[in-house]
Amino acid sequence: MRYFVLATDYDGTIAADGRVHNDTLTALKRLRSSGRKLILVTGRQLDDLLQVFQPVDVFDYVVAENGAVLYSPASRQSKLLALQPPIQFIEALRDRQVSPLSVGEVIVATWHPHETTVLKTIRDLGLELQVIFNKGAVMVLPSGINKATGLMAALTEMKFSPHNVVGVGDAENDHAFLHLCECSVAVANALPVLMESVDFVTNDPRGDGVIELIDLLLTSDLSAIDQQLQRHKILLGTKENGTELSIHPYGSSILLAGTSGGGKSTLASALLERIAEQGYQFCIIDPEGDYENFANGVVVGDAEASPRLAEVMDLLEKPNENVVVNLLGIALQDRPGFFAEFLPSLLELRSRTGRPHWIVIDEAHHLIPSSWNLATLALPQQLKGIMLITVHPDQVAPAGLSLVDTILTIGKSPEQNIRAFCQTMGYAVPKLTPQTLKTGEALAWFCEQEIPPFRFRIAPGRIEKLRHIRKYAEGELGKDRSFYFRGREKKLNLRAHNLTLFIQMAEGVDDETWLYHLHKGDYSQWFREAIKDDILAESAETVEQETHISASQSLNAIKTAIEQRYTLPS
């Protein structure tokens, strides 16, 4: 299920002339009986609302006074989300003959044409207040308070993400909270300016329009209007014809495959960065600690301590927390078992909240291996919002590959990964030609569409796995990932297990040894495959191709390239 919450305005939306018809109320109850939640978001004062709408307990929460008051019908407790404007402001409006004038717990409201007097009074008193309009109503609230902030307070209490909410309204003051929702809807009687800004407009007005929306939610979870939701798409890059290539944030399942050092980490990091920027929650299962300094996630576990499931799940209960589950502290042979134990908890959380929106499984050929007994692994037949990252797609269990609808492949002979996927799954192999990708390019194939694989240029991320004071700069890379200065005659065996030691040793080796590795392309290869930094590797390749450069010049150039991307200890 994608939409777990319906947030609705009151007047002009579920209510006509201030009253909710029985048919609308019945539809609201049907929606709630499906397991979904209801939030009422209104500009009315709470006391006024409770008088005109007695069955308010059909809602889980009420956001009143245009975002300033939060009320729980179950507990009958209310909470102010802001302070009331100062009493001198209210007295000044009365002195200036502003009438009618209503004063709530926070909100101060009147009607057109008094907005000019209200604005002049705010200016004369030097107050930090805002004026919000609603079909002739003039509402005054503290700066920054609106229906969106009130809805967010309710969702925080309920531990839901706005990305699992559909909102419906009819007037100017509904813009803010509708924009916050994953899907925004206007009823047919809404103001034209609101209709132009939402994702969907109902055929019917007011309560009948809300009934129409509820029926769509119950029958299809709004899948019929998925293609109209373009606000949240996730950019992948640019096609060869210059158009943007994006994926939908919901309903996609990705296989990201490619040779080691080919740029998988760069593409995955850029994609996850954009997912995080839009507020979608993700959980990365990270067997080798490659994301231990990823800026957009809280890391649980390290090389010394295995992650605790309770801690991971406590973090994921918070919609705004992304989690990286670092498995370095778990023995290699025990990692698939840990994943098999962990996955049901993730799926249970999804069944309750729709989160995490993305489950990312790095080294998928190890965590879901084709050779492993999958009887204990609870992989549903359909699982969207999953990303499998692997060097060996043919070594991933078919149960995992069967979830995939999008393949992104990178590195040398990228078309071979598509062929391996199809052969493992018994699919017809699409027309493929040998591909030589340029740096920063990838091959995409949407398996369920009748479009052949095509190349695109990856849109780089802005932070790219936080390249500052991390394990590559001063940590301990394993022996198989360290750099060894050996020289032409293999007389040396100097191991650099991070970039700091690499520079120190480079400054100490003789010119012949330095140039030997330079001309072989060893430095760019190490940066790409062990450090997993394609940009640094490209800088080193440029230096390596300078055939007449001296040892000291090339050393300084590569040292500068490292220092520009990493903060090294002084």
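Being a predicted model, the structure only gives us computed values, none of them experimental. Sequence order as written defines the numbering, with residues in each chain counted from 1. Local features in this predicted model are restricted to residues whose pLDDT is 70 or higher, and side-chain atom pairs enter the listing and the counts only when it is 80 or higher, whereas totals over whole chains, interfaces and linings include all residues. Values reported for side chains reflect all heavy atoms of the structure, with hydrogen atoms and water molecules removed beforehand.

Visitor: So what exactly am I meant to see when it comes to a negative patch on the surface here?
Guide: Judged by side-chain charge, Glu-489, Asp-510, Asp-511 and Glu-512 come together as a negatively charged surface patch. Considering the arrangement of structural elements, one finds Asp-510 in the loop between helix H16 (499–508) and helix H17 (511–520). Candidate patch residues must exceed 30% relative accessible area and have no salt bridge, after which like charges are joined if within 9 Å and Val, Leu, Ile, Met, Phe, Trp or Tyr side chains if within 5 Å. The method behind every accessible area is Shrake-Rupley, applied with a 1.4 Å probe, and residues are considered shielded solely by the protein chains displayed. For this document, the term salt bridge refers to a Lys or Arg side-chain nitrogen within 4 Å of an Asp or Glu carboxyl oxygen. A positive count includes Lys and Arg, and a negative count includes Asp and Glu. His and the chain ends are not counted in either. All charge positions are set by atom: Lys at NZ, Arg at CZ, Asp at CG, Glu at CD. Every helix listed is a DSSP run of H or I at least four residues long, and every strand listed is a run of E at least two residues long, numbered separately from the N terminus.

Visitor: Even after reading the chapter, I still don't get the sheet that holds strand S16 (residues 282–286), so can you show me in this structure?
Guide: Sheet strands pair via backbone hydrogen bonds, and the direction of the pair is either parallel or antiparallel. Read across the open sheet, the 11 strands follow the order S14-S13-S23-S22-S21-S15-S20-S19-S16-S18-S17; overall the sheet is mixed. Unpaired on one side and paired on the other, strand S14 (244–247) and strand S17 (298–300) mark the two borders of the sheet. Between one strand axis and the next, the sheet turns by 25° as a mean value, whatever way the strands run. Paired strands, in this sense, are two strands between which DSSP finds at least two bridges. The pairing of S16 with strand S18 (residues 323–326) spans four bridges and is parallel. Directly across from Asp-286, in S18, lies its bridge partner Asn-326. Whether two residues are in contact is decided by their heavy atoms, any of which lying within 4.5 Å being enough. Helix axes are fitted to C-alpha atoms over the stretch in contact, other axes to C-alpha atoms as well, and angles between N-to-C directions run from 0 to 180 degrees. Together, strand S13 (234–239), S14, strand S15 (253–258), S16, strand S19 (358–361), strand S20 (386–390), strand S21 (406–410), strand S22 (441–446) and strand S23 (454–458) form the strand contacts of helix H9 (residues 264–277), whose direction differs from that of S13 by roughly 130°.

Visitor: Looking at this model, I keep getting lost on the nonpolar core. Mind explaining?
Guide: Grouped burial of nonpolar side chains is what soluble globular proteins tend to show. Counting residues in hydrophobic clusters, the biggest one holds 45 residues, and the most contacted among them are Leu-6, Phe-53, Phe-59, Val-62 and Val-166. Ranked by the residues each element gives to this core, the list is headed by helix H8 (residues 206–220), at five residues. With residues near it in sequence (within four places) discarded, Phe-59 still touches Thr-8, Ile-14, Leu-28, Arg-32, Leu-38, Ile-39, Leu-40, Phe-53 and Pro-73. Nonpolar cores were defined as sets of buried Ala, Val, Leu, Ile, Met, Phe, Trp, Tyr and Cys residues, with membership established by side-chain atoms within 4.5 Å. The buried label goes to any residue with under 20% of its type's maximum accessible area, the exposed label to any with over 50%, and the partly exposed label to all in between, with areas taken from a 1.4 Å probe on protein chains only. Counting 41 residues, the second-largest nonpolar core is a separate cluster that includes Leu-255, Ala-257, Leu-403 and Trp-445.

Visitor: Please clarify how the layout of surface pockets should be interpreted in this entry.
Guide: Think of a ball as big as a water molecule: rolled over the atoms, this probe shows where empty space is left. Taken as a whole, the largest pocket spans an internal volume of roughly 1100 Å³. Elements with a contribution of two residues or more to the lining of the largest pocket: H9, helix H12 (364–367), strand S24 (483–485), H17 and helix H18 (522–529). Of all the elements, H18 adds the most residues to the lining of the largest pocket, at five residues. Using protein atoms alone on a 1 Å grid, points that fit a 1.4 Å probe yet trap it form a cavity, whereas open point sets bounded by protein on both sides within 12 Å along at least five of seven lines form a pocket; residues with an atom within 4 Å of a point count as lining. Grid points are joined across faces, edges and corners, and a volume is the space filled by probe spheres set on the points.

Visitor: What should I look at first to understand the state of the cysteines in this one?
Guide: Cysteine pairs can be covalently joined through their sulfur atoms, and such a bond is termed a disulfide. Any pair of cysteine sulfurs within 2.5 Å is marked as a disulfide. Enumeration over the complete set of coordinates arrives at zero disulfides. Distance from the sulfur of Cys-447, which forms no disulfide, to the nearest cysteine sulfur (Cys-422) is 7.0 Å.

Visitor: Explain the side chain of Arg-2 to me, please; I cannot follow it from the model alone.
Guide: Residue position: Arg-2 is located in the segment before strand S1 (5–8). Exposure remark for Arg-2: the relative accessible area of 6% places this residue in the buried category. The contact partners of Arg-2, leaving out residues within four places of it in the chain, are His-163, Asn-164, Glu-182, Asp-221, Asp-226, Leu-229 and Tyr-250.

Visitor: I keep staring at the environment of Val-168 and nothing clicks. Help me out?
Guide: With respect to the helices and strands, the residue Val-168 is situated in strand S10 (residues 165–169). On the accessibility criterion, Val-168 (0% relative accessible area) is buried. Through-space distance from the C-alpha of Val-168 to that of Pro-460 is 36 Å; in sequence the pair is 292 residues apart. Not counting chain neighbours up to four residues away, the residues in contact with Val-168 comprise Leu-6, Ala-7, Thr-8, Asp-9, Thr-13, Phe-177, Leu-178, Val-185, Val-187, Val-210 and Leu-213.

What is shown is where atoms sit, not what they do.
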